[in-house]
Amino acid sequence: MGYVFLLVTGAILGWLAAFILRAESPRNLKINIGAGVIGALFAGLVVSPAVSAGNLASGTYTVDAMCISMAGSLAMLLFANVLRHQEVL
């Protein structure tokens, strides 16, 4: 169940970021959703257990672990969008 949460959270945050950044072309939407999912998975599976906030993969759902997962997703989205805008320039 934890993996499903991480995938859904990352996808939703990536989709929302595409609309906030007005990057609604199919290519940009896929990049944002992918970056959101990767960031949520990394933060939920690696960072959360490292800081003893719980492990979403094993079913230890804590608010701290969920917030870390969302923060990881947002950080990866920010990184992906900064790289994409440098590519355009």
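Residues numbered from 1 in each chain as written. Predicted model: local features only at pLDDT ≥ 70, side-chain atom pairs only at ≥ 80, totals over all residues. Heavy atoms only, no water.

**A few points about the nonpolar core**
- The biggest cluster of nonpolar side chains holds 5 residues, and these are L13, A17, A35, L77 and A80.
- Secondary structure elements with two or more residues in this core: α1 (2-20) and α3 (63-88). (Core = buried A, V, L, I, M, F, W, Y, C linked by side-chain atoms within 4.5 Å. Buried < 20%, exposed > 50% of the residue type's maximum accessible area, 1.4 Å probe, protein only. Helix = DSSP H or I, 4+ residues; strand = E, 2+ residues; numbered from the N terminus.)

**A look at the side chain of S48**
- Checked against the element boundaries, S48 lands in helix α2 (residues 26-50).
- Apart from residues no more than four positions distant in its own chain, S48 is found in contact with A43, A53, G54, A65 and I68. (Contact = heavy atoms within 4.5 Å.)

**Describing the environment of A65**
- Position of A65 among the secondary structure elements: in helix α3.
- Overall, A65 belongs to the buried group, its relative accessible area being 0%.
- Through-space distance from the C-alpha of A65 to that of T9 is 12 Å; in sequence the pair is 56 residues apart.
- With sequence-adjacent residues up to four places away left out, A65 is seen in contact with S48, A53, G54 and L56.

**A closer look at the packing of α1 against α2**
- Relative orientation of the contacting elements α1 and α2 amounts to 140°, with a least axis distance of 7 Å. By the angle class used here, α1 and α2 are oblique. Once α1 is placed against α2, the crossing between them reads as right-handed. Contact with α1, carried on its side by Y3, L6, L7, G10, A11, G14, W15, A17 and A18, involves L29, N32, I33, G36, V37, A40, L41, G44 and L45 of α2 and no other residues of that element.
- Of the residues contributing to the contact of α1 with α2, the split by class is 13 nonpolar, 5 polar and no charged. (Axes fitted to C-alpha atoms, helices over the stretch in contact; angles between N-to-C directions. Parallel < 35°, antiparallel > 145°, perpendicular 65-115°, else oblique. Left-handed = near helix turned anticlockwise from the far one by under 90°. Nonpolar A, V, L, I, M, F, W, Y, C, P; charged D, E, K, R; others polar.)

**Some points on the confidence of the model for the protein chain**
- In this model, the protein chain carries an average pLDDT of 80, and 93% of its residues clear a pLDDT of 70 or more.
- Taken element by element, the predicted model of the protein chain shows its lowest mean pLDDT in α1 (80) and its highest in α2 (85). (pLDDT = per-residue confidence, 0-100.)

**Quick notes on α2**
- A rise of 1.5 Å per residue sets the reference length of α2, with its 25 residues, at 36 Å; its end C-alpha atoms lie 35 Å apart and thus fit the reference within 8%.
- The largest bend in α2 is about 35°, located at A43.
- Within the span of α2, buried status applies to N28, N32, A35, G36, V37, G39, A40, A43, G44 and S48.
- Directly after α2, the chain includes S52, whose backbone phi takes a positive value near 55°. (Expected span 1.5 Å × (residues − 1). Bend = angle between axes of the 7 residues up to and from the residue.)

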